[in-house]
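These are the residues of each chain, in order.
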Amino acid sequence: MADTSVTCPKCRRIFSAQAWHAGAQVACPNCGTKMGPSVKLGSGPLPTPDPHPPEVVEALKSRDSSLGRFVLVNIIGNGAMGKVWRGWDTLLRRWVAVKVMTFKTVSMEDLARFRREAKVAAQMEHPNIAPVYDLGESEGRHYIVMKLIEGMTLDRAFFQPGAPADPRDVVAAVRDAARGVGFAHARNAIHRDLKPTNIMLDTGKIVYVMDFGLAKSMHSVGITVAGARLILGTPGYMAPEAATGMVETVDIRSDVFSLGATLYALLTGRLIFSGTAPMDILQHSLKDAIPRVRALRPDLPAPLDEVLARATSRDKAARQHCAARHPGADDA
């Protein structure tokens, strides 16, 4: 007997109901609402089977696939706070990206940070920032629903062994990301984890800044943990001041550094600081000289080299003060 996916008219939970084909009455496993061809008229809403995509019907065979009105189909990535799923919105009937917290024990601090990510991103209505649709909790699982970006992260788009990407394409992508980051800065938000895997290029060549999981307000107080320093970000892309763990020193110019480090990595195929392990990279970022990009790519134009050198300066005061102007569109 074929599976039929049915949407509960009360709680919007969807589930597989083979009994529907036999004309039998079924009950929602979530709220208990009874429905089906045998329900008398006037006794409540009478739903009909929903023609969900085949992969959604298949996913429904797993009890853990339903998350409120959303169905989790397959994992497409990992963020700072949880796994990201390709999901189906049963109410609006569209594909979405759903980030679900993966911590077995959720602390109040973790939950506050997770919710802050959604609220920060939801305020950013910009063509280069992935929009947030919803924030919720279902059966103890906290989630954020975002636009599903069909495409690739910048590392996958431009890291092609033996086939260096056209620097004009790379600069254009990072330039568009910088516009989105600059928009966030204008609204008092610092991303704090900019890197190639947090920036996507969709099939229409539109760039989206993703994952505001470590974002903070410029007006917030620095975080300390039992008097210790807290390092937030990704080694190899975080600014030297962020690598010290002194979060109160992180500002707009720290994001500018991360954009520069992202551009450097995409153009050269290597991190701006070398190392065999994250802590090793952090140590190098605190003491090593910052290399010029033309030392590895002498074919790149001098103006681009200058822009990158300024963006990745160890001295914050020397960096660009506006992410939206970094790097220039005419520098490659």
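Residues numbered from 1 in each chain as written. Predicted model: local features only at pLDDT ≥ 70, side-chain atom pairs only at ≥ 80, totals over all residues. Heavy atoms only, no water.

*Asks:* Explain the packing of aromatic side chains to me, and be specific about the residues and the numbers.
*Replies:* Applying the stated criterion to the full structure yields three aromatic pairs. With a centroid separation of 5.1 Å and an interplanar angle of 65°, the aromatic rings of W88 and W95 are classed as edge-to-face. Assessed through its relative accessible area of 7%, W88 is described here as buried. Arranged with centres 6.4 Å apart and planes meeting at 10°, the rings of F257 and F273 form a pair that is stacked. (Phe/Tyr/Trp six-rings, centres within 6.5 Å; stacked < 30°, edge-to-face > 60°. Buried < 20%, exposed > 50% of the residue type's maximum accessible area, 1.4 Å probe, protein only.)

*Asks:* Explain the packing of helix 4 (residues 167-186) against helix 6 (residues 252-268) to me, using residue names and the numbers behind them.
*Replies:* Two elements in contact, helix 4 and helix 6, have axes whose closest approach is 10 Å; the angle formed by their N-to-C orientations is 165°. Classed by the angle they form, the pair helix 4 and helix 6 counts as roughly antiparallel. Taken as a pair, helix 4 and helix 6 cross one another with a handedness that is right-handed. Every residue of helix 6 that contacts helix 4 at P167, V170, V171, V174, A178, V181 and H185 is listed here: I252, D255, L259, L263, L266 and L267. (Axes fitted to C-alpha atoms, helices over the stretch in contact; angles between N-to-C directions. Helix = DSSP H or I, 4+ residues; strand = E, 2+ residues; numbered from the N terminus. Parallel < 35°, antiparallel > 145°, perpendicular 65-115°, else oblique. Left-handed = near helix turned anticlockwise from the far one by under 90°. Contact = heavy atoms within 4.5 Å.)

*Asks:* Please give an account of the confidence of the model for the protein chain that cites residues and values.
*Replies:* Per-residue confidence for the protein chain gives a mean pLDDT of 80, with 77% of residues at or over 70. Contacts from residues 218-229, a stretch scored under 50 in pLDDT, to residues over four places away or in other chains number 15 contacts. Contacts for the low-pLDDT stretch residues 328-332, under 50 throughout, to residues beyond four places or in other chains number 11 contacts. (pLDDT = per-residue confidence, 0-100.)

*Asks:* I'd like a description of the nonpolar core, backed by residues and values.
*Replies:* Nonpolar side chains in soluble globular proteins generally cluster together in the buried interior. Formed by 55 residues in total, the largest nonpolar core has its most connected members in L154, F158, L263 and L267. Counting contributing residues per domain, this core is built from domain 2 (54-147) and domain 3 (151-318), each supplying no fewer than three. Among all residues touching F158, those that are not within four sequence positions of it are A165, D169, V170, A173, L201 and L266. With eight residues, the next largest nonpolar core counts L72, V98, V100 and Y143 among its residues. (Core = buried A, V, L, I, M, F, W, Y, C linked by side-chain atoms within 4.5 Å. Domains from an automatic or database assignment.)

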